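# Residue-level structure breakdown
Chain by chain, the residues run as shown.
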Amino acid sequence: MSSPSFTPVALFGGAIRAAVPQGFRDAADFRQVPDTQEVYVCMEEGVDISVVIDLTQRVQAPTDLDALDTHFKDVADDQGRSFAVVSKETVTLPKMADKPTYMITGTTSSRPSENPEYFIGILMALVRLPEQTTDIIVTVNVPFNTTELVQAEKYLVSPRAGTTGGGGEKSEMLRLGMAVLEGVLRDFEILDWGLFLEDVPAGERDVEMEVEGVRAA
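Residues numbered from 1 in each chain as written. Predicted model: local features only at pLDDT ≥ 70, side-chain atom pairs only at ≥ 80, totals over all residues. Heavy atoms only, no water.

- The name given to the protein chain in an unreviewed UniProt entry is Mog1p/PsbP-like protein, with the source organism recorded as Choiromyces venosus 120613-1.
- What the UniProt record of the protein chain gives under Sequence similarities (unreviewed entry) is the line "Belongs to the MOG1 family." (UniProt positions renumbered as here; feature names shortened; annotations may be inferred.)

## Remarks on the overall build of the protein chain
- When helices and strands are counted, the protein chain shows three helices and ten strands.
- For the protein chain, the α and β elements follow one another from N to C terminus as β-β-β-β-β-α-β-β-β-β-α-α-β.
- Here the protein chain holds 217 residues, and the buried ones make up 47% of them.
- Of the contacts made within the protein chain by residues no fewer than 6 positions apart, 59% connect residues no fewer than 24 positions apart.
- Put simply, the protein chain shows about 10,400 Å² of open surface, and 45% of that area lies on carbon and sulfur atoms. (Helix = DSSP H or I, 4+ residues; strand = E, 2+ residues; numbered from the N terminus. Buried < 20%, exposed > 50% of the residue type's maximum accessible area, 1.4 Å probe, protein only. Contact = heavy atoms within 4.5 Å. Areas by Shrake-Rupley, 256 points an atom, 1.4 Å probe, with all protein chains shown as cover.)

## Examining the pairing of strand β9 (residues 134-144)
- Most of β9 is tucked away, with eleven of its eleven residues classed as buried.
- Across eight bridges, strand β5 (residues 50-57) lies against β9 in antiparallel orientation. Bridge pairing in β9 links Q57 to T134.
- Inspection of the sheet shows strand β8 (residues 119-129) paired to β9 by eleven bridges, in the antiparallel sense. Considered in β9, the bridge of G121 is made with V142. (Pairing = 2+ DSSP bridges.)

## Some details on unusual backbone geometry
- Unlike most non-glycine residues, F12 shows phi in positive territory, near 50°.
- By the element assignment, F12 lies in the loop between β1 (6-11) and β2 (16-21).
- According to the relative accessible area criterion, F12 is buried, its value standing at 0%.

## Structural notes on the confidence of the model for the protein chain
- Overall, the prediction assigns the protein chain a mean pLDDT of 87, with 87% of residues at 70 or greater.
- The model gives residues 199-217 a pLDDT under 50, and that stretch makes 43 contacts with residues more than four places away or in other chains. (pLDDT = per-residue confidence, 0-100.)

Rendered as structure tokens:
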């Protein structure tokens, strides 16, 4: 899957539209997924890339980049893993250019019981919706879980290596993950703003949805 082709998908009962690579499957087809989350996984052998779209309560932070750091840590700091941030930048959604959007690239290590050279590349975009007191997180997870994948990747390295990375050439797998995130964001658009409950004080609720039965149990 060196150059993925994308297909449109309806998210959260059709309230949001995006696109995912052909060959990615809705994880809800074979496991339970929370109502505030959409997950798509690559079904191609040897390509364990996944896409996760989360609706979360807006993080209260001094700056948007601080909020981005918080969301990244929530994902990367798990079960005793090490993690590192490689880069952060501002990005623009083609169909929602007025919504503040940011991207962070980083890594989280394998579990302590696994090969310390293995790691997961985390490519995360944060879309901030102040009026809806909501943050939308789009995360592409790119596992480097074989010796061959680790050796080919020079831009990202395991956080256990003692460096954050960012100095070498990107492998085909990382470039694929970046293309996946770019494709998801390119067509990302909110069609039904009624998905979000407004006029609820921040800090008093988790993100709620007016659309009931978004996903069948």
